[in-house]
Amino acid sequence: MNTQPTMRALVVEDLAPNYAGCAVREVATPQPGPGEALVRVRAASVNFPDLLMTRGEYQLKPPLPFTPGLDLAGEVVALGEGVTGLSVGDAVVGGARLGGFAEYAVLSAGALKPKPARLSFAEAAAYGAAYLTAYVALVRRARLEPGEWVLVHGAAGGVGLAAVDLAKALGARVIATSASDAKLAQVKVLYAPDAVVNVTEGFRDQVKAITGGHGADVIYDPVGGDVFDESVRCIAFDGRLLVIGFTSGRIPNVSVNMPLIKGFSVMGVRAGEYGRQFPEKGRENADAIWTMANEGVIRPHVHAELPLDRWREAFDLLAERKVVGKAVITP
């Protein structure tokens, strides 16, 4: 008789549009190996890579079937051989490339950190990838200085809102953009950017006016497409245009005479890959953002918490750009 414990998990069984290949299934509960911990997942946030992976459109293409879910928070329920520094019952946060949308997940013990007491499980799950991306972009790549103008596109989304929060904490002057006045009103209440701009009718002239003709020193762009094209026209000399992603669906191009004439740099940002290429700096990055969370300097915003059975609703909130901050699944 098979007595192996089981759990519920969101499983991608086929790569297809509209999440047609996804379903909640009863699957075997994973067991921790050497150096690993089994975590009872209390919350896992939804990120754009999760959505892309269901269609096979992300850089990481795991073999089928797989369970997506990058960021999670929960409690340690079992430890593999050789694990030190963790105990059963510890409240932890962690990042893995897969596995978060399930009742249990196995992670490397080294990928887990104590959950900040200031944060709920949902807030902790909403924190890691978004704020790590913002930190690598603003601190490591752009080398942001206090007083510089930062233009944050998609400011109501998870990674955009994290950038607004972090840039303010770092002493920058922040212009937050969105195509929704209602979302911008919420961003103003949450993080008090120095200015907000609705991009529906364009934004170049408004950014120039807000900055006194100087332009934005740093532009944080998870949108791409037309937003990237117009950003080239309002960036300051010696500015840094940070390529975070392409939620618009179009990967833009830039004529290299523009960076030459205007003296700006286009910088790609892959926070996870940065840590893999530079492990010591990667650990420093993670330590920095979690220290700020522990100190209450920065704090994520959770738009909605939904149970596992409502995973499609959580995905749609992100895909249809209805979310301010993060949608979180609570298995």
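Quick caveat: nothing in here was measured; it's all calculated off a predicted structure.

Procedures and definitions
Residues numbered from 1 in each chain as written. Predicted model: local features only at pLDDT ≥ 70, side-chain atom pairs only at ≥ 80, totals over all residues. Heavy atoms only, no water. Helix = DSSP H or I, 4+ residues; strand = E, 2+ residues; numbered from the N terminus. Rg over C-alpha atoms; globule rule 2.2 N^0.38 Å. Buried < 20%, exposed > 50% of the residue type's maximum accessible area, 1.4 Å probe, protein only. Contact = heavy atoms within 4.5 Å. Areas by Shrake-Rupley, 256 points an atom, 1.4 Å probe, with all protein chains shown as cover. Lys, Arg positive; Asp, Glu negative; His and termini not counted. Charge placed at Lys NZ, Arg CZ, Asp CG, Glu CD. Pairing = 2+ DSSP bridges. Right-handed = clockwise from strand over helix to strand, strands pointing away. Axes fitted to C-alpha atoms, helices over the stretch in contact; angles between N-to-C directions. Parallel < 35°, antiparallel > 145°, perpendicular 65-115°, else oblique. Left-handed = near helix turned anticlockwise from the far one by under 90°. Domains from an automatic or database assignment. Buried area = accessible area lost by both parts, 1.4 Å probe. Polar contact = N/O pair within 3.5 Å; in protein donor to acceptor, adjacent residues only side chain to side chain. Arc of directions from axis to C-beta. Nonpolar A, V, L, I, M, F, W, Y, C, P; charged D, E, K, R; others polar. Core = buried A, V, L, I, M, F, W, Y, C linked by side-chain atoms within 4.5 Å. Phe/Tyr/Trp six-rings, centres within 6.5 Å; stacked < 30°, edge-to-face > 60°. Lys NZ or Arg CZ within 6 Å of the ring centre and 35° of its normal.

**Student:** Before we go on, may I ask you to explain the overall build of the protein chain in this structure?
**Tutor:** Across its full length, the protein chain holds 11 helices and 15 strands. The C-alpha atoms of the protein chain give a radius of gyration of 20 Å, which matches the 20 Å a tight globule of 331 residues would have. Its C-alpha atoms give the protein chain principal-axis dimensions of roughly 75 × 40 × 35 Å. Considering the protein chain as a whole, with its 331 residues, one finds that 52% of them fall into the buried category. In the protein chain, the proportion of contacts linking residues at least 24 apart, taken out of those at least 6 apart, comes to 68%. Carbon and sulfur atoms provide 51% of the accessible area of the protein chain, an area that totals close to 14500 Å². Of the side-chain charges in the protein chain, 33 are positive and 35 negative, and the distance between the mean point of each set is 3 Å.

**Student:** Explain the pairing of strand 8 (residues 149–152) here, please?
**Tutor:** Within a regular strand, the side chains alternate between the two sheet faces. On strand 8, burial covers both faces: Trp 149 and Leu 151 on one face and Val 150 and Val 152 on the other are all buried. In terms of strand pairing, strand 8 meets strand 9 (residues 173–178) through four bridges, oriented parallel. Looking across to strand 9, one finds that Trp 149 is bridged to Arg 173. One crossover worth recording links strand 8 to the parallel strand 9 by way of helix 4 (residues 158–169), and it is right-handed.

**Student:** Help me understand unusual backbone geometry, please; the structure alone is not making it clear to me.
**Tutor:** Most of the time, phi is negative for any residue but glycine, and the peptide bond is trans. In this structure, Pro 65 follows Leu 64 across a cis peptide bond, with omega equal to -10°. Notably, Tyr 19 is not glycine yet its phi reads approximately 60°, a positive angle. Assessed through its relative accessible area of 4%, Tyr 19 is described here as buried. Phi is positive for Arg 143, close to 50°, though the residue is something other than glycine. For Arg 143, the position within the fold is in the loop between helix 3 (128–141) and strand 8. Residue Arg 143 is classed as exposed on the basis of its relative accessible area of 63%.

**Student:** Sorry, what's going on with the packing of helix 3 against helix 4 here?
**Tutor:** Packed helices, taken two at a time, are described by the angle between their axes plus the distance between the axes. Look at helix 3 against helix 4: their axes get within 8 Å of each other, and the N-to-C directions meet at 55°. As summarised for this structure, helix 3 and helix 4 are arranged oblique, according to the angle between their axes. Considering only the axes of helix 3 and helix 4, their crossing is right-handed. Mapping the contact onto sequence places Ala 130, Tyr 131, Ala 134, Tyr 135 and Leu 138 in helix 3 and Gly 158, Val 159, Ala 162, Ala 163, Asp 165, Leu 166 and Ala 167 in helix 4.

**Student:** What am I meant to see in the domain arrangement of the protein chain here?
**Tutor:** Interfaces are frequently sized by the accessible area removed from exposure as the parts join. Domain assignment breaks the protein chain into domain 1 (6–115 + 301–329) and domain 2 (130–273). Centre-to-centre, using C-alpha coordinates, domain 1 lies 29 Å away from domain 2. Between domain 1 and domain 2, the contact holds 10 residues from the first and 12 residues from the second. Of the roughly 930 Å² buried between domain 1 and domain 2 on both sides combined, carbon and sulfur atoms contribute 53%.

**Student:** Sorry, what's going on with the environment of Ser 180 here?
**Tutor:** Relative to the assigned elements, Ser 180 resides in the loop between strand 9 and helix 5 (181–191). Considering only alpha carbons, one finds Ser 180 and Lys 322, 142 residues apart in sequence, at a separation of 9.8 Å. At 3.3 Å, the side chain of Ser 180 forms a polar contact with the backbone nitrogen of Ala 182.

**Student:** What is the right way to look at helix 11 (residues 311–319) in this model?
**Tutor:** Residue pairs three or four apart in sequence face the same way in an α-helix, which turns once every 3.6 residues. All buried positions along helix 11 are accounted for by Trp 311, Ala 314, Phe 315, Leu 317 and Leu 318. Each buried residue of helix 11 lies within a common arc of 155° when the element is viewed along its axis, so the set occupies one face. Here the buried face of helix 11 lies against strand 1 (6–12), strand 2 (22–28), helix 1 (48–53), strand 14 (302–307) and strand 15 (326–330). Phi turns positive one or two residues past the end of helix 11, at Arg 321, with a value near 55°.

**Student:** Teacher, can you tell me more about the packing of helix 4 against helix 5 here?
**Tutor:** It is at 11 Å that the axes of helix 4 and helix 5 come closest, and there the two elements cross at 35°. Helix 4 and helix 5 meet at a crossing whose hand is right-handed. From helix 4, Leu 161, Val 164, Asp 165 and Lys 168 reach across to helix 5, where they touch Val 187, Leu 190 and Tyr 191. For the contact of helix 4 with helix 5, the residue count by class is five nonpolar, no polar and two charged.

**Student:** So what exactly am I meant to see when it comes to the nonpolar core here?
**Tutor:** For soluble globular proteins, nonpolar side chains are generally found buried alongside one another. By size, the foremost hydrophobic cluster in this structure holds 50 residues, and its most contacted members are Tyr 127, Tyr 131, Leu 138, Val 150, Val 152, Tyr 220 and Leu 242. When residues of this core are assigned to their parent elements, the largest contribution, seven residues, is made by helix 3. Each of two domains, domain 1 (6–115 + 301–329) and domain 2 (130–273), supplies a minimum of three residues to this core. Beyond its immediate chain neighbours, meaning those up to four positions away, Tyr 127 contacts Leu 132, Ile 289, Trp 290, Met 292, Ala 293, Ile 298 and Pro 300. Ala 37, Val 46, Ala 109 and Leu 318 belong to the second largest nonpolar core, which has 33 residues in total.

**Student:** Mind showing me how you'd approach the packing of aromatic side chains here?
**Tutor:** All chains considered together, the criterion is met by seven aromatic pairs. Plain terms: the ring middles of Tyr 127 and Trp 290 are 4.6 Å apart, the flat faces sit at 50° to each other, and that makes the pair tilted. With Tyr 127 in the loop between helix 2 (121–125) and helix 3 and Trp 290 in helix 10 (residues 279–295), this pair connects stretches of sequence that are 163 residues apart. Given a relative accessible area of 0%, Tyr 127 falls into the buried group. Members of the aromatic cluster, joined through ring pairs, are Tyr 19, Phe 101, Trp 311 and Phe 315. The ring centre of Tyr 104 lies 5.5 Å from the NZ or CZ of Arg 40, which sits over that ring. Sitting above the plane of the Phe 121 ring, Lys 115 keeps its charged end 5.2 Å from the centroid.

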